[in-house]
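As a plain string of letters, each chain reads:
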Amino acid sequence: MDTRTTETTIPAGDVRLTGDLVVPADARGIVLFAHGSGSSRHSPRNRMVAEALNRHALATVLVDLLTRDEEALDDRTGELRFDIGLLTGRLVGIVDWLATGEPAGRLPIGLFGASTGAAAALSAAAQRPDRVYAVVSRGGRPDLAGADLPRVRAGTLLLVGGLDDEVLRLNNQALAELDAGAELRVVPGATHLFEEPGALDQVAREAAEWFAGHLPG
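About the criteria used
- Counting restarts for each chain, with residues numbered from 1 along the sequence as it is written.
- Only residues with pLDDT of 70 or above have their local features reported here, since the model is predicted, and side-chain atom pairs are shown and tallied only from 80 upward, although totals for entire chains, interfaces and linings are computed over all residues.
- The side-chain quantities take in all heavy atoms of the structure and omit both hydrogens and water.
- Orientation is described by lines fitted to C-alpha atoms, with helices fitted over the stretch in contact, and by angles between N-to-C directions that extend from 0 to 180 degrees.
- Secondary structure elements follow DSSP: runs of H or I no shorter than four residues count as helices, runs of E no shorter than two count as strands, and numbering proceeds from the N terminus.
- Just so you know how the angles are binned, under 35 degrees is roughly parallel, over 145 roughly antiparallel, 65 to 115 roughly perpendicular, and the rest oblique.
- Definitions for this section: a left-handed crossing has its near helix turned counterclockwise from the far helix by less than a right angle. A right-handed crossing has that turn clockwise.
- We call two residues in contact whenever any of their non-hydrogen atoms come within 4.5 Å of each other.
- By the convention adopted, Pro, Cys, Tyr, Trp, Phe, Met, Ile, Leu, Val and Ala count as nonpolar, Lys, Arg, Asp and Glu as charged, and the other residues, Gly among them, as polar.
- Exposure categories follow from relative accessible area, calculated using a 1.4 Å probe and restricted to protein chains: below 20% of the type maximum is buried, above 50% is exposed, and the middle band is partly exposed.
- Pairing between two strands is assigned when DSSP locates at least 2 bridges connecting them.
- Salt bridges are defined by distance alone: a side-chain nitrogen of Lys or Arg within 4 Å of a carboxyl oxygen of Asp or Glu.
- Here the aromatic set is Phe, Tyr and Trp, taking the six-membered ring for Trp, and pairing holds for ring centres within 6.5 Å; pairs whose planes are under 30 degrees apart are stacked, those over 60 apart are edge-to-face, and all others are tilted.

### Notes on the packing of helix α1 (residues 44-55) against helix α6 (residues 199-214)
Then, in step 1: Packing of α1 against α6 brings their axes to within 9 Å, and their N-to-C directions diverge by 45°. With respect to their mutual orientation, α1 and α6 come out oblique. Of the two possible hands of crossing, α1 and α6 adopt the one that is right-handed. Here Arg-45, Met-48, Val-49, Ala-52 and Leu-53 of α1 lie close against α6, whose contacting residues are Leu-200, Asp-201, Val-203, Ala-204, Ala-207, Ala-208 and Phe-211.
Then, in step 2: Grouping the constituent residues of the contact of α1 with α6 by class yields ten nonpolar, no polar and two charged.

### Considering the side chain of Asp-164
Then, in step 1: Within the secondary structure, Asp-164 is located in the loop between β7 (155-161) and α5 (165-177).
Then, in step 2: Each residue touching Asp-164, except ones within four places of it in the same chain, is listed here: Ala-190, Thr-191 and His-192.

### Considerations on the pairing of strand β4 (residues 58-63)
Then, in step 1: The element β4 is extensively covered by neighbouring structure, given that six of its six residues are classed as buried.
Then, in step 2: Going residue by residue along β4, you find Leu-58, Thr-60 and Leu-62 tucked away on one face and Ala-59, Val-61 and Val-63 tucked away on the opposite face as well.
Then, in step 3: Both strand β2 (residues 15-24) and β4 contribute to a ladder of four bridges, which runs antiparallel. Looking at the pairing, Gly-19 lines up with Val-63 of β4.
Then, in step 4: Bridging between strand β3 (residues 29-34) and β4 involves five bridges; their strand directions are parallel. Its bridge partner lying in β4, Ile-30 is registered against Ala-59.

### Quick word on unusual backbone geometry
Then, in step 1: In this structure, Ala-57 takes a positive phi of about 65° despite not being glycine.
Then, in step 2: The topology assignment puts Ala-57 in the loop between α1 and β4.
Then, in step 3: The exposure class assigned to Ala-57 is buried, which follows from its relative accessible area of 10%.
Then, in step 4: Of note, Ser-115 is a non-glycine position whose phi angle comes to about 55°, a positive value.
Then, in step 5: With respect to the element layout, Ser-115 can be found in the loop between β5 (109-114) and α4 (116-127).

### A look at the pattern of salt bridges
Then, in step 1: On inspection of all chains with the given rule, the structure shows eight salt bridges.
Then, in step 2: Taking the shortest distance from any N to any O, the salt bridge between Arg-151 and Asp-148 comes out at 2.4 Å.
Then, in step 3: Two residues, Arg-169 and Glu-166, come together in a salt bridge whose shortest N-O distance is 2.4 Å. One end of the pair, Arg-169, and the other, Glu-166, are both in helix α5, three residues apart, so they sit about a helical turn from each other.
Then, in step 4: Given the relative accessible area of 39%, Arg-169 is considered partly exposed.
Then, in step 5: Residues joined by salt bridges that share partners form a network here, namely Asp-96, Arg-128 and Arg-131.

### A short note on the packing of aromatic side chains
Then, in step 1: Enumeration according to the criterion identifies one aromatic pair in this entry.
Then, in step 2: Relative to Phe-112, the ring of Phe-33 has its centre 4.9 Å away and its plane inclined at 35°; by these criteria the two rings are tilted. Pair noted here: Phe-33 is in strand β3 and Phe-112 is in strand β5, with a separation of 79 residues, a long-range link. Summarising the burial analysis for this pair, Phe-33 and Phe-112 share the class buried.

### With respect to the side chain of Arg-90
Then, in step 1: Mapped onto the elements, Arg-90 comes out in helix α3 (residues 84-99).
Then, in step 2: Accessibility expressed as a relative area gives 5% for Arg-90, which makes it buried.
Then, in step 3: If sequence neighbours within four positions are ignored, Arg-90 has contacts with Ala-12, Val-15, Leu-17, Leu-65, Leu-66, Thr-67 and Glu-70.

### Here's the deal with the environment of Gly-110
Then, in step 1: If you trace the backbone, Gly-110 turns up in strand β5.
Then, in step 2: Residue classification places Gly-110 among the buried positions, given a relative accessible area of 0%.
Then, in step 3: Along the primary structure Gly-110 and Thr-60 are separated by 50 residues, whereas in three dimensions their C-alpha atoms are 9.3 Å apart.
Then, in step 4: Beyond its immediate sequence surroundings of up to four residues, Gly-110 is in contact with Ile-30, Val-31, Leu-32, Ala-134, Phe-211 and Leu-215.

Right, here's the structure in full:
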């Protein structure tokens, strides 16, 4: 599979963020990853999922949503990883940048969120209903999107480990606030980080199928 891989500087409001853009030659959509809870674009779990999406003709953008100074502050305090408003604003800025077509062509956009990044992804989808067509959450905290949940029009898939009891409860609560087209799927025997054999493979497979079915064209 021919792909174009680029480390790029991405404008997001009043800051510039570093991201990795991978574009298969036959890309039919693009998925922006929203990390959370102290993670980064180097997350091995999200990179594994991104590589699976690339094999399904989906371009991917893995980006650090915090600047280096902000990351240093967050490492000390842990406060910015729960600043859903800040993370949402950054995602909205990147979505607007992708929508220009300059980075990868005019491809339909999906969002993949993990942990607190899932809340930011859903809030961004609520703010850009004409640009974001699908959202997938992995072990996410969609409940933190709060009042934005009923405004989400993108097809939404919530993936939760069967042994991740508290997160499963919170996802069930969020599901009740989402559009009727949203789905919650449980990965049997998986804990929060999906470290069990085969668990992350299932996440990647489910995500690829969801985006393929919900991104137009």
